[in-house]
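The primary structure of each chain is shown beneath.
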There are 4 protein chains.
Amino acid sequence: MVDFERRVIELRRHFHKYPELSNREKKTSGKVASVLTSLGITVRKGIGGYGVVGLLEGTKPGKTVAIRADMDALPITEKNDVPYRSCHDGVMHACGHDAHMAAVLGSAILLKDRQSVLNGNVKFIFQPAEEKPPGGAIRMIDEGVLNDPSVDAVFGIHGASDVNSGEIVILSGPMMAGSDNFTVGIMGSGGHGARPEQADDTILIASHFVVTLQNILNRKFSKEEQPVISIGKIEGGNSHNIIPKMVTLKGTVRYFSTDNKKIPGEVRSILNSLTSMFGGEFDLTYSKGYPVTFNNPELSELVRNTAAGIKEIVKVGESIERAYVSDDFGYYSQELPSCYMLFGSRSKEKGFVYPHHTDRFDLDDGFLPVVSRLLMESVLHYLQ
Amino acid sequence: MVDFERRVIELRRHFHKYPELSNREKKTSGKVASVLTSLGITVRKGIGGYGVVGLLEGTKPGKTVAIRADMDALPITEKNDVPYRSCHDGVMHACGHDAHMAAVLGSAILLKDRQSVLNGNVKFIFQPAEEKPPGGAIRMIDEGVLNDPSVDAVFGIHGASDVNSGEIVILSGPMMAGSDNFTVGIMGSGGHGARPEQADDTILIASHFVVTLQNILNRKFSKEEQPVISIGKIEGGNSHNIIPKMVTLKGTVRYFSTDNKKIPGEVRSILNSLTSMFGGEFDLTYSKGYPVTFNNPELSELVRNTAAGIKEIVKVGESIERAYVSDDFGYYSQELPSCYMLFGSRSKEKGFVYPHHTDRFDLDDGFLPVVSRLLMESVLHYLQ
Amino acid sequence: MVDFERRVIELRRHFHKYPELSNREKKTSGKVASVLTSLGITVRKGIGGYGVVGLLEGTKPGKTVAIRADMDALPITEKNDVPYRSCHDGVMHACGHDAHMAAVLGSAILLKDRQSVLNGNVKFIFQPAEEKPPGGAIRMIDEGVLNDPSVDAVFGIHGASDVNSGEIVILSGPMMAGSDNFTVGIMGSGGHGARPEQADDTILIASHFVVTLQNILNRKFSKEEQPVISIGKIEGGNSHNIIPKMVTLKGTVRYFSTDNKKIPGEVRSILNSLTSMFGGEFDLTYSKGYPVTFNNPELSELVRNTAAGIKEIVKVGESIERAYVSDDFGYYSQELPSCYMLFGSRSKEKGFVYPHHTDRFDLDDGFLPVVSRLLMESVLHYLQ
Amino acid sequence: MVDFERRVIELRRHFHKYPELSNREKKTSGKVASVLTSLGITVRKGIGGYGVVGLLEGTKPGKTVAIRADMDALPITEKNDVPYRSCHDGVMHACGHDAHMAAVLGSAILLKDRQSVLNGNVKFIFQPAEEKPPGGAIRMIDEGVLNDPSVDAVFGIHGASDVNSGEIVILSGPMMAGSDNFTVGIMGSGGHGARPEQADDTILIASHFVVTLQNILNRKFSKEEQPVISIGKIEGGNSHNIIPKMVTLKGTVRYFSTDNKKIPGEVRSILNSLTSMFGGEFDLTYSKGYPVTFNNPELSELVRNTAAGIKEIVKVGESIERAYVSDDFGYYSQELPSCYMLFGSRSKEKGFVYPHHTDRFDLDDGFLPVVSRLLMESVLHYLQ
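Residues numbered from 1 in each chain as written. Chains lettered and ligands numbered in written order. Predicted model: local features only at pLDDT ≥ 70, side-chain atom pairs only at ≥ 80, totals over all residues.

**Quick word on the overall build of chain A**
Applicable threshold: Think of it this way: any DSSP run of H or I at least four residues long counts as a helix, any run of E at least two long counts as a strand, and we number them from the N terminus. Residues are called buried when their C-beta atom has 20 or more other C-beta atoms within 10 Å, exposed when it has 12 or fewer, and partly exposed otherwise; all C-beta atoms are positioned from the backbone.
Looking only at helices and strands, one finds nine helices and 16 strands in chain A. Its C-alpha atoms put chain A at 80 × 45 × 40 Å along the principal axes. By residue count, 57% of the 384 residues in chain A fall in the buried class.

Written out as structure tokens, the structure reads:
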């Protein structure tokens, strides 16, 4: 077991030293593929870009379960002074995808050892570009990663920097938000501020848009379906006295309801009505982001029970607040019963207290071999 | 008369060739002073910066009337191809102050000739920095230009680029707007757009400010006192999903009511209330600009009647729309009975059709000697 | 002269004792007609209901000038204890139309005496239903009261309860507002307040309407054309928790611009846009009221000069604030050069200090014979 | 068992025939007390008005569990033509409290039979005035109904008219909303609509209140804590042109968060700010209603499992939508671990398809004996 643990940790630190940006995971995916191949697992490469898929077929027929890891790093210059510090200036595994890959490869090692008792198959999905919408998940799904053999359930893992190492958290239902963005341009004739009747007052239209948007949310959506929308940017004009020809707004939409199709229509309807009332025109670009990540309750219960049986796991939580960030794991969870497992990566003693996406982020990789075991045992339970 | 006309036009073209920016009217004021001195008019220099005052004392006691001209040019590169084109790159008499000086000096020549029949005195005020608030007028007034002897009435002239040369327009009552500016900063804690409850939504506060501002106007001011307020700039935030820590707005206020003291208080009251409701703080900088220019009805009637008696003046108007631009002549009109006369400067045949403050602006200086005569005769009528 | 004065006052008090409501001025108009007939003036009755027209033809050809008086009283129970107290319970000349009739009949007496020197004709118009829109003026105009012979100018008079008896006020330009009313119904599905997403929130739509209406005014109209709009009634719903199926709003529009055609369209546009955004439907009833009363400047000058020549008139004003109330005299002023003269009716010594339309209103009828003379002399000046 | 069933149904029909309004449950509580006494259960009367408490002490020491039923009827005239039709005109058990009492008395019968094996005690709480806030629950709690011996857990039951008879639904967490009401008066000087600058525009203030209220919700509360607020009534003014001195609004607040203390403060803050901006004053009456009914997850799981073991229960649901109505059972659930069980009362064949609080409401009382058994067995499980 000591060897296994060392190997998982070495893999994580290797990936950490050589991070690659989204859609450029050439060496990372090569390394993943070679590890899988060395284990005797069938590998296919180049799915959805640098995506890699390993297939471990059990000796007995059964279902197929997939385990997904993401591979890309972020454009951040690491500030940690550690032996495994990033060697690529300006690129850093600051979201812990290095750990995800190592733990999933660890589970491959463990499951390979149990191939003879496997009732069904395990597919290992290593995915590019989680950080860069539209993301690698949708491309790999489009290129058939869930078929042949067709997958019945999907597992994924993500570190939680505010949960202590040694703990596992498994939520049920919608557990990471769906997330869209939009950009609005409000265009009008412009004019002198002393003569507003000769101009379309683009700033007033933009202001009514911001105010009305919140009113629509509360009235058109049930409390359960209601998304959170915020405007993050507003900009128009240069001087005190000239009504500008254009105001630009940017906003974000977060939601936990599986059906969010109404939102862009409502945004458009407000803009239509305001420009019809006040004059001017508008341009709306609404970009769908990742959908809601939905944890199947039964699958979550199974994983929770599995975790409870592993003594190295000191606590199994189920009630932390769901997250308003989003992950392209959501695409799998929209297709199939899925469970996204959160593992604690925080360690105050070791100084791993910084949040994801910062240049001081680090995690307790000593817990990763346990995560590998949780994945392995969850797969075995599921395939029973 | 031909000599007089040539002299006025030469003066105008001289000033046009050698424009100087606001508060830098060194050579211009020197030239003005030397012309006045050469006429035998007592001159004081260095009032309110480069301000020049000439005093012509009549032989009989009476009232004192002032005639004001402004001297500064604009930071514009002239595009006209004329013999008197600006010799100072990037500086241009694009607001016609060259013509104002020439016509007023012309009136000095004519009045000097009539000194023996003058019942009272004439003060010639040549003022710096009309284009640059707080402006030369307020400084010259503060330094006593209206005293010693104390002035009873003030005349001023301004070209009108949309009125044909040969025509004079004399409005009654408020004829140029008072104009203030303000800048608002709305500051809050900022935060993630998915978690608005943890942030002060500065963009929403700014939007309510824009909407409410117009509501206050209609409700707190009578139709007569109500100013026009427009927001010309709004800016805050950079990304779709981060609620910014600050939004900046800039706005302009135009009014024709003599008492506009309520406005800054109302703006502040809205901001106070909105930040009290929504959170956050604000910063308001309210800059008073030039006050309303108010034409005294009796004085306007006198000038109108005088103009009607001058055969070179083809039309005397009184009903064009009052202007939303402002002029620091307003300061004189707040102190004393005043009349700001508009003279037509447009000539389609000569190609003088461009508006003020553009690089193609030019004016028909053939009309200036007539304007000098209008000033002279108005002064004589007034002092009778 | 003493007899003439007594006669005018007796007429006023007679009318005061026997007031009649709008469109029921049967006896009043009969009395008017009999007085005119007794003077030898040709009378036509039954124009626009109980309208009466008297025509006094001069002996020399010339223009035709009309003098208009209104005849109807108000549904108010008089509280004054005077000998000429209203004999009709619940009906009272609380707007002074009794005085208008008496003064105009007085002018008929005076003008009849001067028939031999009249250069033209005088038409005496006694009009029903000024207090009840659409009013008697428009009906009498439609039935030809301004034709045959066609009228060139119209005079009218109205008491001013805040101006002292003995004073005359003649404004120029727009001097009484145009006035429209509107009623809006906002209809929606209704529903439980806990489930707003299943209802159209009619109260929210109504609230946005009120807020947006003021924003439109400031932006779509120049300061000069901008009407004053206020909502005087809002009503919808009964309980805390049921979103009502309907909210009703009533509002008033006042304007001094002759062209107010844009207003109903803007109101409709707001309602269209809001129901398109928020759901629901609306119903708009926009009722045009009396137009702006516009005093022709030349005619006003003529009357002002005439008044200045009458020694019993202690003051001729021209600068009190224009009124936001409206009068169907506006219809005449939209057709022809008109002058609506205001005469002081207040007398602190006599206790005549109550405003129009109250049950304590009374006026100093001792001044009415002078008003008759002002009308007579103005007519003579005009017809010269 | 047949006798037991008949007895429960007879009890229900007896209560149904003789309904009594809130706080007038004299005979009803007398009947309840006599049934309990006849069973040999110790009874205390007159707690919180007509409240009745029965205490059944087990032979072995243990915890104490309470079962609560409500006793009051509604001011509705029954329209059903059934043998047990209400004998009291204008009063009707249209919310099924008759059934609640019968089923709980049924559970008392069953538990009395098992007294010898009871590890602990059972308290039967029959409560007045559930339909009339502040409700009987809070009064009984204040008068000590949960003490002596102190209660460890509370069970309650409520019929569900949209769930078929034979089914049981047990939700977890917040399952009925907290509900408050408020009334706002906005007072100002009033005035003529043509002169808004002389008045406080109460209707505009009310409109801004409605608009801003929804904006505050979205910004000041997390999605989870955010209440639903709707305005159900707005009223002010009578005529088109008079700005009223007062506008009244009534609204409802529904929430599922246990801490709703922020809400009245936020409502007050908006009103404070708006009157500070626009003028006028306000009056806010905020009435706390029943709190959230929160089902303890462990207790709910226990009841769900118990129900699953009773073969007459055809289905055990856990996922119908939580309700936005509120119940004063919420007070117990705020104090102690509680479970409010919903039993299906609908039967299409028998014509029991009308919703609660209507004059055609009826329910399938054949299922009540099973509900009694569910209560009995849940108690036994809990006390084990």
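**Considering the domain arrangement of chain A**
Residues and elements named next belong to chain A. Stated formally: An automatic or database domain assignment supplies the residue ranges for each domain. What counts as a contact here is a pair of residues whose C-beta atoms, placed from the backbone, lie within 7 Å. Any residue outside Ala, Val, Leu, Ile, Met, Phe, Trp, Tyr, Cys, Pro, Asp, Glu, Lys and Arg is labelled polar, Gly included; the first ten of those are nonpolar and the last four are charged.
For chain A, the assigned domains read domain 1 (2-177 + 292-383) and domain 2 (178-287). Computed over C-alpha atoms only, the centres of domain 1 and domain 2 are separated by 39 Å. At the junction of the two partners, domain 1 supplies eight residues and domain 2 supplies seven residues. Class assignment of the residues belonging to the side of domain 1 that touches domain 2 gives a composition of five nonpolar, two polar and one charged.

**Section: the interface of chain B and chain A**
Rules: Paired strands, as defined in this entry, are two strands with at least two bridges between them according to DSSP.
Contacts between chain B and chain A engage 35 residues on the former and 35 residues on the latter. When residues of the side of chain B that touches chain A are traced back to their parent elements, those giving at least two are helix H5 (202-220), strand S10 (228-236), strand S11 (242-243) and strand S12 (246-255) of chain B. Here the residues of the side of chain B that touches chain A sort into 15 nonpolar, 14 polar and six charged. Bridging between strand S10 (residues 228-236) of chain A and S10(B) involves three bridges; their strand directions are antiparallel. For A:Glu235, the partnering residue across the bridge sits in S10(B) and is B:Glu235.

**Concerning helix H5 (residues 202-220) of chain A**
To be explicit about the condition: One fewer than the residue count of a helix, multiplied by 1.5 Å, yields its expected span.
Look at H5(A): 26 Å from first C-alpha to last across 19 residues, which is about the 27 Å you get at 1.5 Å a residue. Burial analysis of H5(A) places 18 of its 19 residues in the buried class, the great majority of the element.

**Brief notes about the interface of chain C and chain B**
Each partner contributes residues to the interface: chain C has eight residues there, and chain B has eight residues. Each residue belonging to the side of chain C that touches chain B can be placed in one class, and the counts come to three nonpolar, four polar and one charged.

**Some remarks on the relation of the copies chain C and chain B**
Put simply, the rule is: When the copies are superposed, the least-squares fit draws on C-alpha atoms of residues that have pLDDT of at least 70 in both.
Expressed as a screw transformation, the operator carrying chain C onto chain B has a rotation angle of 179 degrees and an axial translation of 0.0 Å, and the superposed copies differ by an RMSD of 0.2 Å. The two molecules are tied by a two-fold rotation axis, judged by turn and shift. Minimal C-alpha distance to the rotation axis in chain C is attained by C:Asn215, lying at 3.0 Å. The residues that chain C uses at the interface reappear at the interface of chain B in 100% of cases, marking a shared surface.

**Concerning the relation of the copies chain B and chain A**
Turning chain B through 180 degrees and shifting it by 0.2 Å along the axis lays it on chain A, with an RMSD of 0.1 Å. Most of the interface of chain B is mirrored in chain A: 100% of its interface residues are interface residues there too.

**Structural notes on unusual backbone geometry**
Omega for the bond connecting A:Pro133 with A:Pro134 falls within 30 degrees of zero, at 5 degrees, which places this linkage in the cis form. Mapping A:Pro134 onto the fold places it in the loop between strand S4 (119-127) and helix H4 (136-142). A positive phi angle, near 60 degrees, is found at C:Asp148, a position not held by glycine. With respect to the helices, strands and loops of the structure, C:Asp148 is situated in the loop between helix H4 (136-142) and strand S5 (153-164). For D:Ala129, which is not glycine, the phi dihedral falls at a positive 55 degrees. The residue D:Ala129 is located in the loop between strand S4 (119-127) and helix H4 (136-142) in this model.

**Digging into the nonpolar core**
Formally: The term nonpolar core means buried Ala, Val, Leu, Ile, Met, Phe, Trp, Tyr and Cys residues held together as one set by C-beta atoms within 7 Å.
Of all hydrophobic cores here, the largest spans 434 residues; its most connected members are A:Met341, B:Met341, C:Met341 and D:Met341. Residue contacts for A:Met341: discarding those within four places in its chain leaves A:Phe155, A:Ile157, A:Ile168, A:Ile170, A:Val303 and A:Leu374.

**Comments concerning the sheet that holds strand S1 (residues 42-47) of chain C**
Residues and elements named next belong to chain C. Rules: Fitted lines through C-alpha atoms serve as axes, helices being fitted only where they are in contact, and the angles separating the N-to-C directions of these axes extend from 0 to 180 degrees.
Strand order in the open sheet formed by eight strands is S1-S2-S4-S3-S5-S16-S6-S15, and the pairing between neighbours is mixed. Pairing within the sheet leaves two strands with one partner each, and these edge strands are S1 and strand S15 (315-317). Ignoring which end each strand starts from, the neighbouring axes of this sheet average 25 degrees apart. In this structure, strand S2 (residues 51-57) lies alongside strand S4 (residues 119-127), joined through six bridges in antiparallel fashion. Residue pairing in the sheet places Leu55 in a bridge with Lys123 of S4. The sheet strands contacting helix H7 (residues 297-308) are S5, strand S6 (167-169), S15 and strand S16 (338-346), and the helix crosses S16 at an angle near 40 degrees. Of the strands in this sheet, strand S3 (60-70), S4, S5, S6 and S16 touch helix H9 (residues 368-383), which is tilted by about 150 degrees from S3.

**Things to note about the pairing of S5(C)**
Residue and element names in this part refer to chain C. As judged from the four bridges shared by S3 and S5, these two strands associate in the parallel manner. Looking at S5, one finds that Arg68 is bridged to Gly156. Pairing between S5 and S16: eight bridges, direction parallel. Considered in S16, the bridge of His158 is made with Leu342.

**Details of the sheet that holds strand S13 (residues 281-287) of chain C**
Taken together, eight strands build an open sheet; the order of strands is S13(C)-S8(C)-S12(C)-S10(C)-S10(D)-S12(D)-S8(D)-S13(D) and the sheet is antiparallel. Of all strands in the sheet, those bounded by a partner on one side alone are S13 of chain C together with strand S13 (281-287) of chain D. Taken over all neighbouring pairs, the strand axes of this sheet differ in orientation by 25 degrees on average, direction set aside. Sheet topology note: the strand S8 (residues 178-187) of chain D/S13(D) ladder contains seven bridges and is antiparallel. Bridge pairing in S13(D) links D:Val184 to D:Leu284. Against the sheet, helix H6 (residues 262-278) of chain C touches strand S8 (178-187), strand S12 (246-255) and S13 of chain C, its axis set at about 170 degrees to S13(C). In the packing of helix H5 (residues 202-220) of chain D onto the sheet, contacts are made with strand S10 (228-236) of chain C together with S8, strand S10 (228-236) and strand S12 (246-255) of chain D, and the angle to S10(D) comes to roughly 175 degrees.

**A look at helix H2 (residues 26-38) of chain A**
Residue and element names in this part refer to chain A. Counted at 1.5 Å a residue, the expected span for H2 with its 13 residues is 18 Å, and the 18 Å between its end C-alpha atoms agrees. Listed as buried for H2 are Thr28, Ser29, Lys31, Val32, Ala33, Val35 and Leu36. Contact partners of the buried residues in H2: helix H1 (2-17), strand S1 (42-47), strand S2 (51-57), helix H3 (97-113) and S4. Phi turns positive, to about 85 degrees, at Gly40, one or two residues after H2.

**Observations regarding the environment of D:Ser107**
All names here are of chain D. Its place among the elements puts Ser107 in helix H3 (residues 97-113). The exposure class of Ser107 is buried, given the 27 C-beta atoms found within 10 Å. Taking the C-alpha atoms as reference points, Ser107 and Asp142, 35 residues apart in sequence, are found 25 Å from one another. Every residue in contact with Ser107, bar those within four places of it in the chain, is listed here: Ile67, Ser372, Leu375 and Met376.

**Points about the environment of B:Val52**
Note that B:Val52 resides in strand S2 (residues 51-57). What makes B:Val52 buried here is the crowd of 30 C-beta atoms within 10 Å.

**Quick word on the packing of helix H1 (residues 2-17) of chain D against helix H9 (residues 368-383) of chain D**
All names here are of chain D. The following threshold applies: Under this scheme an angle from 65 to 115 degrees is roughly perpendicular, one under 35 degrees roughly parallel, and one over 145 degrees roughly antiparallel; angles in between are oblique.
Their axes nearest at 8 Å, the elements H1 and H9 cross at an angle of 105 degrees. The pairing of H1 with H9 is recorded here as roughly perpendicular in orientation. Of H9, the residues touching H1 (which contributes Phe4, Glu5, Val8, Ile9 and Arg12) are Leu368, Pro369 and Ser372. Taken together, the residues that form the contact of H1 with H9 break down as five nonpolar, one polar and two charged.

**Some remarks on the packing of H3(A) against helix H9 (residues 368-383) of chain A**
Residues and elements named next belong to chain A. The following threshold applies: By definition, any crossing whose near helix is turned counterclockwise from its far helix by less than a right angle is left-handed, and any crossing with a clockwise turn is right-handed.
With their axes 8 Å apart at the nearest point, H3 and H9 run at an angle of 50 degrees to one another. If you check the angle between H3 and H9, you find them oblique. When the axes of H3 and H9 are compared, the crossing they make is right-handed. Judged by residue contacts, Ala99, Ala102, Ala103, Val104, Gly106, Ser107, Leu110 and Leu111 of H3 engage Leu368, Pro369, Val371, Ser372, Arg373, Leu375, Met376 and Val379 from H9. Residue composition of the contact of H3 with H9, by class: 12 nonpolar, three polar and one charged.

**With respect to the pairing of S4(D)**
Basically, it comes down to this: The handedness rule is simple: strands pointing away from the viewer, and a clockwise path from the first strand over the helix to the second, make the crossover right-handed.
Counting buried positions along S4(D) gives eight out of nine residues, so the element sits mostly inside the fold. In this view, the connection linking strand S3 (residues 60-70) of chain D to its parallel neighbour S4(D) by way of H3(D) has right-handed handedness.

**Considering the confidence of the model for chain A**
How we decide: A residue's pLDDT is the predictor's confidence in that residue, given on a scale from 0 to 100.
In this model, chain A carries a mean pLDDT of 94, and residues with pLDDT of at least 70 account for 98%. This complex was scored by the predictor with a pTM of 0.87 and an ipTM of 0.84.

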